[in-house]
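# Architecture and fold: a report
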Amino acid sequence: MVRLSGADARVVAERVLGAALGPARVATLRKLVDPVLVTYFAAPHSYTGEDVVEISCHGAPVILSHTVGQCVAAGARLARPGEFTLRAMLHGRLDLPQAEAVRDLIHAETLYQARVAARQVEGSVARVVRPVKEQLLELIALLEAGIDFAEDDVSVAPAGEILRRLAPIAAETERLARSFAYGRLVQGGVTLAIVGRPNVGKSSLFNRLLEQDRAIVTEIPGTTRDLVAETASLGGLPVRFVDTAGIREGQDRVETLGIERSLQAMADADLTMVVLDGSVAVSAEDEQILERAERQGRYLVVLNKADLPAGAEREGLRVSARTGEGVEALREAILAAVGHGTAEDLELPFVTSLRQAELFRATAEALRKAREATALAIPHEMLLLDLYEALRGLDAITGATTADDILNRIFSTFCIGK
């Protein structure tokens with residue numbers, strides 16, 4: 001598809017096609033190199049809010065290139081990266097969170113990522129923020145009216161009422177700020193380092209989780225000398241599995257370098273999976289790896305070779321890379337360890353943008369200060385400074401609030417100057 005947008009989109013398309021376009025929103029057959037389907041969308045009822053023409057032609061690169069060249073020769077220019085979505089936002093067709101979600105949808109690697117982005121393109125975040133912002137504006141209008149029109153006996157809510165109004169605003173703002181911990185994983189994926197001493201079955205387990213023979217597997221200890229990484233979808237999350245060299249005292253320079261990279265992979269990973277040979281007793285090397293994993297954060301202990309008689313006296317998830325026993329439970333344990341699948345995460349809108357997360361954090365902090373100021377009976381003029389600071393954070397997400405917006409609320413809510 002070749003898409004034209006702008007005041008002259010229809011004119012350019014008609015020059016290229018040598019024929020008039022059909023009525024708006026009706027696909028018509030026209031002749032270019034081959035027959036093409038052309039659809040005209042009249043402003044403002046289009047993606048960008050401008051006149052838009054979509055030319056659906058054969059997918060061969062040479063045909064598409066020729067069509068674009070003809071459009072440029074007829075007076076169009078190539079769009080800059082993201083320009084169509086930018087124009088949609090400037091014409092009020094999308095807000096900034098929706099525009100960011102379009103970017104996320106383009107870069108989605110899994111179906112779950114695409115579904116989350118599609119919900120956000122439809123305005124899921126804005127729908128949650130809008131009522132929160134409305135409540136905040138109502139409180140600001142109440143306090144402003146009490147200050148500016150005191151002689152008209154406009155009542156100002158007592159501290160208890162202000163705190164009651166602030167509570168749901170702060171609760172939802174804090175939830176959205178916290179939700180980025182999960183949204184970050186959805187957006188950026190998870191890195192899982194598979195570590196352990198040589199010959200415990202790390203590469204076999206790596207292949208089993210990926211459901212393909214990606215890493216070389218032999219009975220010779222130390223086969224893996226370097227990091228082997230592959231990304232796969234797990235519960236809708238893109239998970240980057242990293243198979244590492246067995247950790248032990250290096251036998252040669254190459255193996256020593258591989259072990260150093262294994263330790264670095266542990267440090268960089270969101271989650272470490274420590275693999276032990278469940279058929280033998282836990283060794284001193286195993287204990288050292290476990291201690292390092294404990295120091296560095298989230299980790300799982302997996303006892304491989306469950307198809308053999310148990311020998312390790314250690315708590316962990318028993319699996320068999322050879323037979324597949326316990327592997328599905330391992331997948332579920334990985335998702336649980338990174339916090340995937342809670343009701344709050346899946347049912348309520350969450351933030352996948354660092355920019356939005358920082359704005360929600362700033363808003364939550366300003367609301368915290370406002371509650372403290374209210375409890376300390378600080379004058380409302382000072383309290384309003386914190387409320388306006390909170391409003392600025394929400395404005396950066398949903399769009400600016402003007403002074404007229406506040407005044408309109410005051411005069412529509414209170415019976416002033418009868």
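Whatever comes next refers back to the structure up there.
Okay, so let's go over this structure. As the structure is a prediction and not an experimental result, all values here were calculated from the model.

Reading the values: the criteria
Residues numbered from 1 in each chain as written. Predicted model: local features only at pLDDT ≥ 70, side-chain atom pairs only at ≥ 80, totals over all residues. Heavy atoms only, no water. Phe/Tyr/Trp six-rings, centres within 6.5 Å; stacked < 30°, edge-to-face > 60°. Helix = DSSP H or I, 4+ residues; strand = E, 2+ residues; numbered from the N terminus. Buried < 20%, exposed > 50% of the residue type's maximum accessible area, 1.4 Å probe, protein only. Lys NZ or Arg CZ within 6 Å of the ring centre and 35° of its normal. Pairing = 2+ DSSP bridges. Contact = heavy atoms within 4.5 Å. Axes fitted to C-alpha atoms, helices over the stretch in contact; angles between N-to-C directions. Salt bridge = Lys/Arg side-chain N within 4 Å of Asp/Glu carboxyl O.

Moving on: the packing of aromatic side chains. Scanning the entire structure with this criterion turns up 1 aromatic pair. Ring centres of Y182 and F350 lie 5.1 Å apart, and the angle between their planes is 75°; this geometry places the pair in the edge-to-face category. Of the two residues, Y182 sits in helix α8 (residues 180-188) while F350 sits in the loop between α13 (343-347) and α14 (354-375), which places them 168 residues apart along the sequence. For Y182, a relative accessible area of 4% corresponds to the buried category. You can call F350 buried: its relative accessible area is 3%. Sitting over the face of the ring of Y47, R3 holds its NZ or CZ atom 6.0 Å from the ring centroid. Directly above the ring of Y40 sits R10, whose terminal nitrogen or CZ lies 4.5 Å from the centroid.

Here we take up the sheet that holds strand β6 (residues 228-234). Pairing in this open sheet of 6 strands is mixed, and the strands run β6-β7-β5-β8-β9-β10 from one edge to the other. On the outer flanks of this sheet lie β6 and β10 (317-318), each paired with one strand and no other. Alignment of strand β8 (residues 271-277) against strand β9 (residues 299-304), held across 6 bridges, turns out to be parallel. The residue of β9 that forms the bridge with V274 is V301. Sitting on the sheet, helix α12 (residues 327-337) is in contact with β5 (190-195), β6, β7 (237-243), β8, β9 and β10, with an inclination near 170° to β9.

This part covers helix α3 (residues 83-90). Among all positions in α3, only E83, F84, T85 and A88 are buried. Residues of α3 that are buried make contact with β1 (2-5) and α4 (96-106). Positive backbone phi, approximately 80°, marks G92, located one or two places after α3.

The subject of this paragraph is the sheet that holds β1. Taken together, 4 strands build an open sheet; the order of strands is β1-β4-β3-β2 and the sheet is antiparallel. The open sheet terminates on both sides in strands that have one partner only, identified here as β1 and β2 (28-31). Neighbour-to-neighbour, the strand axes of the sheet open up by a mean angle of 30°, direction not taken into account. In terms of strand pairing, β1 meets strand β4 (residues 52-56) through 4 bridges, oriented antiparallel. Note that in β4 the partner of V2 across the bridge is I55. Running at roughly 20° to β1, helix α2 (residues 61-73) makes contact with β1 and β4 of the sheet.

Take G326: it is sitting in the loop between β10 and α12. Between the alpha carbons of G326 and V302 there is a distance of 9.9 Å; along the sequence they are 24 residues apart. In this structure G326 touches R318 and V319, once residues within four positions along its chain are discounted.

Scanning all chains against the criterion turns up 24 salt bridges. When the shortest N-O distance is used, the salt bridge between R314 and E287 registers 3.9 Å. Of this pair, R314 sits in the loop between β9 and β10 while E287 sits in helix α11 (residues 284-296), placing them 27 residues apart in sequence. Given a relative accessible area of 31%, E287 falls into the partly exposed group. Across the pair R314 and E294 runs a salt bridge whose closest N-O atoms are separated by 4.0 Å. Of this pair, R314 sits in the loop between β9 and β10 while E294 is found in helix α11, placing the two residues 20 residues apart along the sequence. In this structure E294 comes out as partly exposed when scored by relative accessible area, which is 43%.

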